[in-house]
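Analysis of the macromolecular model
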Amino acid sequence: RLQDVFVSAVALILLLPVFAIISALIHLEDRGPVFYVSDRVGIHGKRIRFYKFRSMVLDADELKKDLLDRNERPDGPLFKLSDDPRVTRIGAFIRRTSIDELPQLLNVLRGDMSLIGPRPQLPEEVEAYSDIDCLRLECIPGISCLPQIYGRDTLGFREWVDLDLRYRKNWSLWYDFKILLKTAKVVLHPSAAR
């Protein structure tokens, strides 16, 4: 927790200029809100308010139901569409560079999330979990995790959960540090994700 507080506080201060520029670009594109805020499921099923830079059109959640038949992750409750028509121009850039995730540093500072841990998912996705899948809820959710560095968007739901369960089983401060370093490598060189 001390590591999370220190790193997130320092990062938020250093990244203030980036926050200002990205906020302006998002707002200029369609005059909508800068942040996307949603309910996610945290540790032990606790609901948390989850923050991201908004990368989609304003009515993205309503449009999702019309795209469900194109889901590229059919083996579970997660939705993924690589050529999602709801993504804005600035949204495509901030997603590709993972800048859209930076506001989650606020979640880390608040204690809802950690720097490393299983990604927090939507309540309707968690409702479809099996008993085994629910074991990933025994960890504090994180900004990055094993699936983010070993396949990310190419993984099926089962592979994703299996990696999260491996993290749960092998957790240590050193393990978190190694994942953090690999995350930086993947963000800087996306082809390094495998």
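Position of Lys80 relative to the elements: it lies in the loop between α3 (60–63) and α4 (89–96). Ignoring any residue separated from it by four or fewer positions in sequence, one finds Lys80 in contact with Arg70, Asn71, Glu72, Arg73 and Asp153.

With respect to the secondary-structure elements, Gly42 resides in the loop between β1 (35–41) and β2 (47–53). The class for Gly42 is buried, based on a relative accessible area of 2%. Along the primary structure Gly42 and Gly91 are separated by 49 residues, whereas in three dimensions their C-alpha atoms are 25 Å apart. In contact with Gly42, other than residues within four places in its own chain, are Ile48, Leu137 and Pro141.

Attention shifts here to the nonpolar core. One finds Ile26, Phe53, Ile94, Leu146, Tyr167 and Ile179 to be the most contacted residues of the largest nonpolar core, which totals 29 residues. With residues near it in sequence (within four places) discarded, Leu146 still touches Leu163, Arg166, Tyr167, Tyr175 and Ile179. Judged by nonpolar contacts, the second largest core, of 8 residues, contains Val41, Tyr129, Phe157 and Val161.

Where nonpolar side chains cluster on the molecular surface, the patch consists of Phe6, Val7, Val10 and Leu14 and spans about 380 Å² of accessible area. Of note, Phe6 is situated in helix α1 (residues 2–14). On the basis of relative accessible area, Phe6 is assigned to the exposed category, the value being 59%.

Take α4 next. Every buried residue of α4 is listed here: Ile90, Gly91 and Ile94. All buried residues of α4 lie within an arc of 100 degrees about the axis, which places them on one face of the element. Exposed side chains of α4 directed beyond 90 degrees from the buried face belong to Arg89 and Arg96. In this structure, the buried residues of α4 make contact with α2 (16–30) and β2. Measuring from the side-chain oxygen of the N-cap residue of α4 to the backbone nitrogen of Gly91 gives 2.9 Å; that N-cap residue is Thr88. Looking one or two residues past α4, Ser98 carries a phi angle of roughly 65 degrees, positive in sign.

Attention shifts here to the environment of Ala9. Along the polypeptide, Ala9 turns up in helix α1. As for Ala9 and Leu67, which are separated by 58 residues in sequence, their C-alpha atoms are 38 Å apart.

For helix α9 (residues 173–188), built from 16 residues, the straight-helix expectation of 22 Å at 1.5 Å per residue is met to within 8% by its first-to-last C-alpha distance of 23 Å. Every buried residue of α9 is listed here: Tyr175, Asp176, Ile179, Thr183 and Val186. In a view along the axis of α9, the buried residues occupy a sector of 95 degrees, so they form one face of it. Residues of α9 that are exposed and point more than 90 degrees away from the buried face comprise Leu173, Trp174, Leu181, Lys185 and Leu188. Taken together, the buried residues of α9 touch β3 (114–116), β4 (142–144), α7 (146–149) and α8 (157–170).

The rules behind these values
Residues numbered from 1 in each chain as written. Predicted model: local features only at pLDDT ≥ 70, side-chain atom pairs only at ≥ 80, totals over all residues. Heavy atoms only, no water. Helix = DSSP H or I, 4+ residues; strand = E, 2+ residues; numbered from the N terminus. Contact = heavy atoms within 4.5 Å. Buried < 20%, exposed > 50% of the residue type's maximum accessible area, 1.4 Å probe, protein only. Core = buried A, V, L, I, M, F, W, Y, C linked by side-chain atoms within 4.5 Å. Patch = residues over 30% accessible without salt bridge, like charges linked within 9 Å, V, L, I, M, F, W, Y side chains within 5 Å. Areas by Shrake-Rupley, 256 points an atom, 1.4 Å probe, with all protein chains shown as cover. Salt bridge = Lys/Arg side-chain N within 4 Å of Asp/Glu carboxyl O. Arc of directions from axis to C-beta. Polar contact = N/O pair within 3.5 Å; in protein donor to acceptor, adjacent residues only side chain to side chain. Expected span 1.5 Å × (residues − 1).

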